[in-house]
Amino acid sequence: MVSVKSDMKSFSGIAASPGIAMGRLRIVDRRRAVVSEYPISSETILHEIGRLVQAIEDTRQELENLRIRLAETTGEDNLFFIETHLMILSDERLSTETTEIIRTGLINAEGALRRTLHRYRETFESIDDPYLRERISDVETVIERILRNMNNETVEPMPQHEGQIIIAAHDISPADMLQINRSNVLAIITEIGGRTSHTAILARALELPAVMGVEGITDLLFDAASVVVDGLSGTVIINPDQDTFQSFLSRKQHYEYVEYELLKTAPLPAVTPDGHSIFLRGNVEIPEEGASVLAHGGSGVGLFRTEIIFMNRTYMPEEEEQFSLYTAMQQAIAPHLLTIRTMDAGGDKLLDGMDLIAEANPALGLRAIRISLGTPEEFKKQLRAILRVSANGPVRVMFPMISGIEEVRAAKKLLDEAKQELTYVRIPYDTEIKVGIMIEIPAAVTIADLLAREVDFFSVGTNDLIQYTLAIDRSNEQLSHLYQPLHPAVLRALRRIVQAAHGAGIQACLCGEMAGDPLYLPILLGLGFDELSMGAGSLLRVKQILRRCTLGRATRIAEGCFVFSTAAEVKSYLQSQITFDVAESID
Ligand code: PEP
Ligand code: MG
């Protein structure tokens, strides 16, 4: 949506990460190259081959430059993906086969390159190991770069040293997010993506204001315009006039003041006025966030998304590297509990270049525990790394995307094997380590009573649970109005999960984005959740409501919600029950 006043333009999108920023706009082109194939005459064969050779050389140069730039800003550790891409670029087959296709097939260089890619795909498809099979995505990424260079369209890296900028792009992948330099990027705007997409989650983790789902914004805007991004209301203003600028500036100051005041409440316990305590914990992706969870009063980590270590690279991280990462996180939150979730890549969290893999339904495809169980030796590296960390402080392990008992048993069996392997080489670990599963697939809700007998705790992933229960793609901005956490089907699912957990005497935790919205606190508290885990930025607001709402009142509110038959009715009921005070005053 766009409205115009003089040369000021206002857009509204999805408020994906809170905070207000003003700065210079920088549009980053992340769209795919468009390729057309056409016949050529024999006289132009050499010309086409020359274009191919030049584009490969330009791509090599581009990758070398990117390597130097990233080494300065993010350190050598994150550069595996560039090394692999350079290796692919040097593969004899790439240039020889493409040249041959140009020569014998008499087609242009772009068309020939696309045919070479097709041949690579056929080869990769016949590989048994699913992980290696997926590495076709790296070949696709490299070929994409060559194609762009052939048409003088550069693949833009995330800008690194361009002063204080606000990035607007059609899409920013979670892997792109990791390349963002937080010291010069003030906010992001994207045309696609929703509040619970992983890009949005990472934006919140990096405390980067973000507005998503602003359709067509990169076509309408121009670099260097001045822009205001309001990640609280989902507003983007281009070339704000003086009054508008001033009003956003005071809103920004007010928001920052409220944040500052809330921070003073961080040491207060998470307890209701009638003495009922629950755990408020943090969701983290990178060790730097651990400190932020503690600063915001979180008692440890309820969800450590480990897939980040699998991104921006083309092969699985070794056990030692994983061990160091998990240790860094453990040290950042010591002496509190660390809940480590095993890899949950796939879906909208693509490994480098994986987005080019033609999976018709990525959200229903190869992701999370399905990848892990398909690559048991790799999975055990992760499990051994987690077990080793458990020797040095409280750690729980949690499996994502569980749909049935067999998966839990298979994962636990591999955990046992990992334990035995460590015992054999006398490496210590917590023999009593708690094992949990994420409840995020409707099948798991339906058999929650059976699953509860197999594990020590449940953690509800509402982001996916809502997606799969309502059949609403969590990343699709056009459907965001239908993504309803208060849908009666979702509330009934939550009630059933808590009952099943408590019936079996295990803990019911919740770590989806729903946990971080103060409006939902009374329901979640009233339903009986023992732990809520959320982005660090939400902890203080949620605790503020918790400290004002007795368990008795929350139970009545939760029961009251089940009287209504639509999400809208539940929402207005909830709003009538809660006064938000400080938490509300900014919105
Ligand atoms: C969820 O699905 O709610 C969840 C916490 O996991 P993720 O967002 O990483 O899929
Ligand atoms: Mg999930």
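Residues numbered from 1 in each chain as written. Chains lettered and ligands numbered in written order. Predicted model: local features only at pLDDT ≥ 70, side-chain atom pairs only at ≥ 80, totals over all residues. Heavy atoms only, no water.

Novice: For the coordination of the magnesium ion (ligand 2), give the residues involved together with the corresponding values.
Specialist: Donor atoms from the polypeptide that bind the magnesium ion (ligand 2) are Glu440 (OE) and Asp464 (OD), placed at 2.0 to 2.2 Å. Linking Glu440 in the loop between strand S14 (434–439) and helix H16 (442–446) with Asp464 in helix H18 (residues 462–470), this pair joins segments that are 24 residues apart in sequence. Accessibility classification places Glu440 together with Asp464 in one group, the buried group. (Donors = N, O, S within 2.8 Å, 3.2 Å for Na, K, Ca; no water. Helix = DSSP H or I, 4+ residues; strand = E, 2+ residues; numbered from the N terminus. Buried < 20%, exposed > 50% of the residue type's maximum accessible area, 1.4 Å probe, protein only.)

Novice: A description of the site of ligand 1 should follow, citing residues and the corresponding values.
Specialist: Ligand 1 sits among 17 residues. The nearest are Arg305, Arg341, Gly461, Asn463 and Arg474. In this structure, Glu440 approaches ligand 1 through a side-chain N or O atom, which is 2.9 Å from an oxygen atom. The separation between an oxygen atom of ligand 1 and a polar main-chain atom of Thr462 is 3.1 Å. When the free accessible area of ligand 1 is taken as 290 Å², the share hidden by the protein chains comes to 100%. Going through the elements one at a time, helix H8 (198–205), strand S11 (301–305) and H18 are the ones with two or more residues in the shell around ligand 1. Of the residues forming the shell around ligand 1, the biggest block, three residues, is contributed by H18. (Near = heavy atom within 4 Å. Polar contact = N/O pair within 3.5 Å; in protein donor to acceptor, adjacent residues only side chain to side chain. Areas by Shrake-Rupley, 256 points an atom, 1.4 Å probe, with all protein chains shown as cover.)

Novice: Describe H18, listing the residues and the values that go with them.
Specialist: Within H18, eight of the nine residues are buried, which leaves it mostly tucked inside the rest of the structure. Among the residues of H18, Thr462, Asn463, Asp464, Leu465, Ile466, Gln467, Tyr468 and Leu470 are the ones counted as buried. Looking one or two residues beyond H18, the residue adopting positive phi is Ala471, at roughly 55°.

Novice: Help me get a handle on the nonpolar core, residues and values and all.
Specialist: Core analysis: the largest hydrophobic core is formed by 100 residues, its most contacted members being Phe399, Phe458, Leu494, Phe529 and Leu532. The residues touching Phe529, leaving out its near neighbours within four places in the chain, are Ile278, Val460, Leu494, Val498, Ala508, Cys509, Leu510 and Leu524. In terms of nonpolar packing, the next biggest core, distinct from the first, is built from 30 residues, Leu63, Ala112, Val142 and Leu147 among them. (Core = buried A, V, L, I, M, F, W, Y, C linked by side-chain atoms within 4.5 Å. Contact = heavy atoms within 4.5 Å.)

Novice: Give me the side chain of Thr462: which residues, what numbers.
Specialist: Structurally, the position occupied by Thr462 is in helix H18. If near-sequence neighbours (up to four positions away) are discounted, Thr462 is found in contact with Tyr483, Leu494, Leu510, Gly512, Glu513 and Met514.

Novice: Quick rundown of helix H12 (residues 319–333)? Include the residues and the values.
Specialist: Compared with the 21 Å implied by 1.5 Å per residue over 15 residues, the 21 Å span of H12 between its first and last C-alpha is a close match. Turning to H12, its buried residues number three or more, namely Glu319, Gln322, Phe323, Leu325, Tyr326, Thr327, Met329, Gln330 and Ile333. Where H12 is buried, its residues meet strand S10 (279–284), helix H11 (288–295), S11, strand S12 (338–341), helix H14 (376–390) and strand S13 (395–399). (Expected span 1.5 Å × (residues − 1).)

Novice: Describe the confidence of the model for the protein chain, listing the residues and the values that go with them.
Specialist: Of all residues in the protein chain, 87% attain a pLDDT of 70 or more, and the chain-wide mean is 87. Low pLDDT (under 50) marks residues 1–5, which in the prediction has 11 contacts with non-local residues, meaning those over four places away or in another chain. In this model, residues 581–587 is a region of pLDDT below 50 whose contacts with residues beyond four sequence positions or in other chains number 15 contacts. (pLDDT = per-residue confidence, 0-100.)

Novice: If you had to explain the packing of aromatic side chains to someone new, which residues and values would you point to?
Specialist: Per the stated rule, a full pass over the model turns up three aromatic pairs. Ring geometry for Phe304 against Tyr326: centres 5.8 Å apart, planes inclined by 90°, an arrangement best described as edge-to-face. Of this pair, Phe304 sits in strand S11 while Tyr326 sits in helix H12, placing them 22 residues apart in sequence. We classify Phe304 as buried; its relative accessible area is 0%. Residue class for Tyr326 comes out buried when judged on its relative accessible area of 0%. Between the aromatic rings of Phe564 and Tyr573, the centroid separation amounts to 5.1 Å while the plane-to-plane angle is 40°, which identifies the pairing as tilted. One residue, Arg281, lies across the ring of Phe279, its end atom 4.1 Å from the ring centre. The ring of Phe457 has Arg396 sitting right over it, with the charged end atom 4.0 Å from the ring centre. (Phe/Tyr/Trp six-rings, centres within 6.5 Å; stacked < 30°, edge-to-face > 60°. Lys NZ or Arg CZ within 6 Å of the ring centre and 35° of its normal.)

Novice: Could you give an account of empty space enclosed by the protein, naming the residues involved and the relevant values?
Specialist: Rolling a probe over the atoms, with the probe sized like a water molecule, indicates the empty space that remains. As enumerated under the stated definition, the model contains four cavities of 30 Å³ or more in all. What the largest cavity holds in volume is close to 80 Å³. Lining the largest cavity are 15 residues, with Arg305, Arg341, Glu440, Asn463 and Asp464 positioned closest to its centre. (1 Å grid on protein atoms, 1.4 Å probe; cavity = no way out; pocket = protein on both sides within 12 Å on 5 of 7 lines; lining within 4 Å. Points joined across faces, edges and corners; volume = space filled by probe spheres on them.)

Novice: An account of the sheet that holds S10 is requested, with residue identities and associated values reported.
Specialist: If you trace the eight strands once around the closed barrel, you get S10-S11-S12-S13-S14-S15-S16-S17, paired in parallel fashion. Shown here is a sheet whose adjacent strand axes are inclined to one another by a mean of 25°, direction ignored. Looking at chain direction, S10 and S11 are connected through three bridges and run parallel. Following the sheet pairing, Asn283 is matched in S11 by Leu303. Sheet contacts for H14: S12 and S13; angle to S13, the most-contacted strand, approximately 155°. (Pairing = 2+ DSSP bridges. Axes fitted to C-alpha atoms, helices over the stretch in contact; angles between N-to-C directions.)

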